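Given next are the chains, with one letter for each unit.
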Amino acid sequence: MKNFKRYLITSALPYANGPIHIGHLAGVYVPSDIYTRYLRMKGEDVISVCGSDEHGVPITLKARKEGVTPQEIVDRYHELNKKAFREFGIAFDIYSRTSNKVHYETASEIFRTLYDKGEFIEKTTRQYFDVEADCFLADRYIMGTCPRCGNESAYGDQCEKCGSSLSPDELINPHSTISGSKPVLRETLHWYLPLDKYEPWLKKWILEDHKEWKPNVYGQCKSWLDQGLQPRAVSRDLDWGVPVPVEGAKGKVLYVWFDAPIGYISATKELTPDWEKYWKDKDTKLVHFIGKDNIVFHCIMFPAMLNAEGSYILPENVPANEFLNLENEKISTSRNWAVWLHEYLEDFPGMQDVLRYALCASAPETKDNDFTWKEFQARNNNELVAILGNFVNRTLVLTNNYYGGKIPERGKTEPADKAVMEEITRIRTNVENSLEAFRFREALKEAMNLARLGNKYLADSEPWKVIRTDPERVKTIMNISLQITANLTIICEPFLPFSMEKLRGWINFSEKNWSKAGNTNLLLPGHEINKPGLLFEKIEDDQITRQIDKLLATKKANESSAGAVAGKVPVTFDDFTKMDIRTATILEAVKVPKTTKLLKLTIDTGLDIRTIVSGIAEHYEPETIIGKQISIIANLEPRKIKGIESKGMILMAEDKDGKLVMVVPAGKVSNGSVIK
Ligand SMILES: [Zn+2]
């Protein structure tokens, strides 16, 4: 393995349109913090950079929705998140932001270098333009009907109902969310990074030279590369972002995926005039901590940019994590289904380490994982309190009782004592090996094994009994227990920095050098310790119930707000009467081959017998709906779906979970009865 002279640790730039939640922490910031602290303790030259990602369409959308400027949005969340990270002990050397001057200069410079080297291709495409608002529309600013499922509120890039990714020209009846008007297609020029050109190089660099990457990361890269890479646009028509530094590019900014990773470089520049040695010297180990949604940007696109630029190093590793769920449901900012860091710190003041511990212990390292409040409580009560806290407390209380707080001499050692002392070094090596391989759960478990070792040693040797018969023997036992305690302050420091700081205070010990771990003479005889407090406190059931109730209330609020979704613009009665809504009966129903959602229905409308293709296959079995009377819109313009001409649409009620239920007449009427 190559020895590196220095380390550059980056953590995914959180998007400045919302607060930080436990999913972010478990996936990115807790592991990056543990790794950084460990390297610092080893005396490595390491810097850790992060900051807010402040560009992109979601920020402009949020600003528009709230009637404020994008700058106001990013200022708000930059400050909130910066403070939350600091209070949580995340050890960044700098928390910068992509709206600052250094970043504009750096991003422009890199774009310009690639442009001058001819690394981009220029392409004119036709994109939707809002004539009333006088601007091109980003995909998210266009809404229309999803061609796959008929959802009328699909975005230009995605239908959130059926999950299909879309392009704006696929939408039926597209309209601008800015002015509401129907957009027109206009030509616009953009620059593209030809990822296909770098594909052979990327294949070798990742698939051959970085087989050691985590299987989830390697696998995702391989799948992208196997599918074949396409040129990706690096610019957008938008008024918020880093302007494209090329003549004639007015109204165009760098696409946020191009701009954001450069934020790591700008942050380093802001931190130190020596930034180049971290970014351009081959002896620097660059490690990107990210979540799985960012793998393609950090493993394929950013390296392709850096490689094309030519003077930068590439990441040595990208230990991306999968996603953390909350109480068996996907964490969602828009549904408020999350534990927000700033709220946790209000509800559990001074208990940063408990959350750090729980999140590391069940981190989604190779697959998605679940956070539950019950497990959080169990981790605290059964592990931190019962194992680590208990051992430390017994050791320090007995030392104060027996020796007035002075470390006793270690006398003659027995084989059991020697075995315990040797075990400390073995545990240190295991923690190291796991950390170097980015296996943080395993590393934490090993670190806790040191406290388990101490507990077992006390339980086996029973100093509280032996004190009556052999006080000399107890001095040896307590000396060794105190050495374990001192070792804990080093080995657990990367994981539990707040508690270990406390513990160091209680034992009057300030050594944080990792190389001292395993040493069994950290506390010398006669050294005095202080009276201890409680390292961890039990979490009671009612504290957990309160958190669960909070989530249940969120769920309830989400459900009751579902009815409000439909707020649409008023229409006239004339508009309504233009629609031919009538009853009909299903005569035949069959699945459309090679689709999961579509049924081909033969319908008797009272006027004619016709075909309607409907996206209800996941809600109704074909054989169960034959003969059923339904409601349809009969005069929708016919359109082809999977090669079948569909004439009309069946009326369905859809709840907030996307469940579809047929709208049927309450009593039998003849086919073709008008609904009005
Ligand atoms: Zn859809």
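The structure presented is a predicted model; accordingly, all values stated were derived computationally and were not measured.

About the thresholds
- Residues numbered from 1 in each chain as written.
- Predicted model: local features only at pLDDT ≥ 70, side-chain atom pairs only at ≥ 80, totals over all residues.
- Heavy atoms only, no water.
- Donors = N, O, S within 2.8 Å, 3.2 Å for Na, K, Ca; no water.
- Tetrahedral: all angles 85-135°; square planar, octahedral: opposite > 155°, others 65-115°.
- Helix = DSSP H or I, 4+ residues; strand = E, 2+ residues; numbered from the N terminus.
- Buried < 20%, exposed > 50% of the residue type's maximum accessible area, 1.4 Å probe, protein only.
- Contact = heavy atoms within 4.5 Å.
- Pairing = 2+ DSSP bridges.

Undergrad: How should the coordination of the zinc ion be read in this particular structure?
TA: Any two of four tetrahedral donors ideally make an angle of 109.5 degrees at the metal, while pairs among six octahedral donors ideally make 90 or 180 degrees. Within the protein, the atoms that donate to the zinc ion are Cys146 (SG), Cys149 (SG), Cys159 (SG) and Cys162 (SG), at distances of 2.3 Å. Each of the four donor atoms bound to the zinc ion contributes to angles spanning 105 to 113°, and the resulting shape is tetrahedral. In the primary structure, the donors to the zinc ion are separated according to the pattern C-x2-C-x9-C-x2-C. In this pair, cysteine 146 sits in the loop between strand S6 (142–145) and strand S7 (154–155) while cysteine 159 sits in the loop between S7 and strand S8 (172–176), placing the two residues 13 residues apart along the sequence. Overall, the relative accessible area of 0% leaves cysteine 146 in the buried class. For cysteine 159, a relative accessible area of 0% corresponds to the buried category.

Undergrad: What am I meant to see in the environment of lysine 214 here?
TA: In this fold, lysine 214 is placed in the loop between helix H5 (195–208) and helix H6 (215–227). Judged by its relative accessible area of 10%, lysine 214 falls in the buried class. As a C-alpha pair, lysine 214 and valine 242 span 28 residues in sequence and 33 Å in three-dimensional space. Setting aside residues up to four positions removed in sequence, lysine 214 forms contacts with Pro319, Ala320, Asn321 and Glu365.

Undergrad: I'm lost on the pairing of strand S3 (residues 94–97) in this one. Help?
TA: Every other side chain in a regular strand lies on the same face of the sheet, so the side chains alternate between the two faces. Side-chain alternation along S3 places Ile94 and Ser96 on one buried face and Tyr95 and Arg97 on a second face that is also buried. Pairing geometry for strand S2 (residues 45–52) and S3, over four bridges, is parallel. Paired with serine 52 across the two strands is arginine 97, which belongs to S3.

Undergrad: Hey, could you run me through the sheet that holds strand S16 (residues 369–371) in this one?
TA: Strand pairing in a sheet takes place through backbone hydrogen bonds and is either antiparallel or parallel in direction. Strand order in the open sheet made by the three strands is S15-S14-S16, with mixed pairing throughout. What marks the edges here is a single partner per strand, and that holds for strand S15 (329–330) and S16. Relative to S16, strand S14 (residues 324–326) runs parallel, the two sharing three bridges. Bridge pairing in S16 links leucine 324 to asparagine 369.

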